[in-house]
Amino acid sequence: MSAQSTLVNDTADATGRDLNARALRADARREELRLLALLSPSLLLVFAIIIVPVGWLFWLSLFDETGALSASNYARFFEQASYVRTFITTFKVAFIVTGACVLLGYPLAYMLSQLPRRAASICLIFVILPFWTSVLVRTYAWLVILQRKGLINSWLIDLGVISQPLPLANNLSGVVIGMTHILLPFLVLPLYASMKTIDTDCLRAGMNLGAGPVATFRQIFFPLSLPGLASGVVIVFVLCLGFFVTPALMGGGKVIMWAMRMEQTTSLYSNWGAGAALGVVLLAVTLALLGLFQWLLGARATGVWSSR
Amino acid sequence: MNRIRNVSIVTIAGLMATVAVPAIAADTITVASWGGTYQEAQTKAFFDPAAAALGITIKQDTTNGLDDVRLQVTGNAVKWDITELGADECARGSKEGLFEKLDYGVIDKSGINPKLVHDDWVGISYTSVVLIYRTDVFGDKGPKTWADFWNVEKFPGRRALSSSQSTETLSVAALASGLPIDKVYPVDIDGALKSVDKIRGHVDAWWTSGAQAMQLVKDGEVDMASIWNGRAGTLKKEGAPVSFSFDQGVLTADCMVIPKGAKNKEAAMKALAMFVSPQLQANLPLYVDNGPVNEKAFETGKIPPERIKDINSAPENVKKQVLQDAEFWRDNLVEATEKFNNLIQQ
């Protein structure tokens, strides 16, 4: 009797669970639709201001100056050696500047995150302040500091450290210095934000279990700061690829980056497609590289993130 | 009923008022130029006197060049009635059909070099590319010719040339290879590139704007450079230790056009006729170093004799210079520029 009643109860339970699950699924689907409806204005906006113009850019790049469908805008990259050189220069500068930003920005963000709150906010002002100054003004300021008769060279010569001025401006080093200064906050700010969220209890626990300061940093703090570092690196790297003003002013015409090339090409050819093709190539290569980044850095970083 | 009629009368009157606005605006034209001190000078020399004489209003805007005109004309959104361009841009835009035909019954072309008088564009002023050097480095024994500039043993020092103005740099390179000024055109592009190849390793900066060229010389970043005469003149006026002359200068003209589909073609034509007239042309060098395109301006007596020798388009100075051939560069610009970029970006 009791066994039978259990059986009946079980079947009833099963049907009840089934019903319940169905109701829950329907509810979840409704929820999803509602969310989608809520998101649709912003999705529409993204479509209108990102997908449509990029699609249009791609479309334009397929036509030559007579308006005929042609691959001539892309063929130019292979016919003229200077395009490939410009492309390599662009990525070289982006890698060097990103590297310099990491080397300078990581210790800075680490220091900021360890300072007491008040001191940290004062120091952050020094990071953000240059951020509010025009890029053009900062670039010219670097020119004044770095050029042949600039501050650094005249001081060093007066002090007798060097006899010939150092070639700091109008070349690659000038571009790297100028761009690193401008892009540093883009690395420091996300990195600092992510370092502030690291639970200090984790560090204390590590210390408690016998890890020294170096091991605590290497095994606990550094891995936990990786997501912030990854987002900072991606922002800096992508911004580098599109830089115009600083390389144009600091490079002395010897460091031609992709954006400068686009400007030249657009005014040289009486055809938007010529410039559009450059944009498409840069976009494609950047997306491919970002995918690679995500795969190499992002996966590890998010892995660490989710394991928390 | 009465009220409704009153409302409709008000509406119609309102509509008529809005329709009437363009009728008043017919006497307003918009002229675009390069901005800065140059456009200020043009305002005093050309725009204000022409507006007063014709009884029209001249509004102003600034342009970045042919791309802007192409964008407006192909997009059926022509904002300007007259715009200034470089002569090679005029020649290219003319080939693309971006401009209205000019009426030389209204515009008097006498006194303007025939090379700058075309169906749909006309010259407006001259700029020269000149060789400037720092006198604190060379005294008065600096490089005087482009061949000197190319001679790195005799004139050691840092150098700057233009990379954005490839056509001007190629003319300069042709002069440096020893060609006399009347043999530069048609430019032997490969020969000129060979000449660039000889100097490119000694060029410390390639400039892309007039302001940059000026800054490079002013701050002593380079000891000699190619530079536009207006910028060179400003440096001298500011007291910088520099010297330059019009010997072996490269004369480049600016031109004006009426973009195709301009709203106010007729008023624009009359204004343009005044801009190129000797009387208004003679005003230009009173405010800026860009020389008048109409040589009759020098006969008006408006320009003081001691000023004439400093003007790049004064007949004495024109003889010493090469005139950039706009139509030659219209046909060869793309090929020459790509080759030039390949060479200097090695």
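Residues numbered from 1 in each chain as written. Chains lettered and ligands numbered in written order. Predicted model: local features only at pLDDT ≥ 70, side-chain atom pairs only at ≥ 80, totals over all residues.

Attention now moves to the overall build of chain A. Regarding its fold elements, chain A presents 12 helices and zero strands. For chain A, whose C-alpha radius of gyration is 28 Å, the value lies well above the compact-globule estimate of 19 Å for 308 residues. Oriented by its inertia axes, the alpha-carbon framework of chain A measures out at about 105 × 65 × 30 Å. Burial statistics for chain A: of 308 residues in total, 30% are counted as buried. Pairs at least 24 residues apart make up 74% of the contacts formed inside chain A by residues separated by at least 6 positions. (Helix = DSSP H or I, 4+ residues; strand = E, 2+ residues; numbered from the N terminus. Rg over C-alpha atoms; globule rule 2.2 N^0.38 Å. Buried ≥ 20, exposed ≤ 12 C-beta atoms within 10 Å, placed from the backbone. Contact = placed C-beta atoms within 7 Å.)

The subject of this paragraph is the overall build of chain B. Broken down by element type, chain B carries 16 helices and 10 strands. For the C-alpha atoms alone, the extent of chain B along its principal axes is close to 95 × 45 × 40 Å. Counting all 346 residues of chain B, 51% fall into the buried class. When contacts within chain B are restricted to residue pairs at least 6 apart in sequence, those whose partners lie at least 24 apart make up 72%.

Residue and element names in this part refer to chain B. When the domains of chain B are assigned, the result is domain 1 (26-125 + 253-315) and domain 2 (127-252 + 322-344). The gap between the C-alpha centroids of domain 1 and domain 2 is 27 Å. Counting residues at the interface gives 14 residues for domain 1, matched by 17 residues for domain 2. Elements with a minimum of two residues in the side of domain 1 that touches domain 2: α4 (87-95) and β8 (242-257). (Domains from an automatic or database assignment.)

Each side of the interface is counted separately: chain A has 19 residues, and chain B has 20 residues. Of all elements in the fold, only α3 (81-114) and α11 (258-268) of chain A reach the threshold of two or more residues within the side of chain A that touches chain B. At four residues, α3 of chain A tops the list of elements feeding residues into the side of chain A that touches chain B. Taken together, the residues that form the side of chain A that touches chain B break down as five nonpolar, 10 polar and four charged. (Nonpolar A, V, L, I, M, F, W, Y, C, P; charged D, E, K, R; others polar.)

Residues and elements named next belong to chain B. For helix α2 (residues 36-54), with 19 residues, the first-to-last C-alpha span of 25 Å sits near the 27 Å given by 1.5 Å per residue. Maximal helix bending in α2 amounts to about 45 degrees, located at Thr43. Residues of α2 that are buried: Tyr38, Gln39, Ala41, Gln42, Ala45, Phe46, Phe47, Ala50 and Ala51. For α2, the secondary structure elements touched by its buried residues are β1 (28-33), β2 (57-62), α11 (265-275), α12 (278-281) and α13 (284-287). Backbone geometry just after α2 places Gly55 at a positive phi near 70 degrees. (Expected span 1.5 Å × (residues − 1). Bend = angle between axes of the 7 residues up to and from the residue.)

Of the residues in chain A, 92% reach a pLDDT of 70 or more, and the chain-wide mean stands at 86. Ignoring residues within four places in sequence, the model shows residues 303-308 of chain A, a span with pLDDT below 50, making four contacts including any to other chains. (pLDDT = per-residue confidence, 0-100.)

Moving on, we get to unusual backbone geometry. Along the chain, Tyr185 of chain B connects to Pro186 of chain B via a cis peptide bond; the corresponding omega equals -5 degrees. For Pro186 of chain B, the position within the fold is in the loop between α7 (166-176) and α8 (189-199). Of note, Asn170 of chain A is a non-glycine position whose phi angle comes to about 60 degrees, a positive value. Assignment of secondary structure puts Asn170 of chain A in the loop between α6 (151-158) and α7 (172-196).

Let's shift gears to the environment of His181 of chain A. Residues and elements named next belong to chain A. Position of His181 relative to the elements: it lies in helix α7. Each C-alpha atom of the pair His181 and Ala169 lies 14 Å from the other, and the pair is 12 residues apart in sequence. Residues contacting His181, with those up to four places away along its chain left out, are Arg138 and Trp142.

So, about the environment of Ala273 of chain B. All names here are of chain B. Among the secondary structure elements, Ala273 is positioned in helix α11. On the basis of neighbour count, Ala273 is assigned to the buried category, with 21 C-beta atoms found within 10 Å. Distance from Ala273 to Ala205, taken between C-alpha atoms, is 41 Å for residues 68 residues apart in sequence. With sequence-adjacent residues up to four places away left out, Ala273 is seen in contact with Val106, Ile107 and Asp108.

All names here are of chain B. For chain B, the mean per-residue pLDDT works out to 90, and 92% of the residues sit at or above 70. Confidence drops under pLDDT 50 across residues 9-25; counting only partners more than four residues distant or on other chains, this segment forms zero contacts. Per the prediction output, this complex has pTM 0.81; the corresponding ipTM is 0.76.

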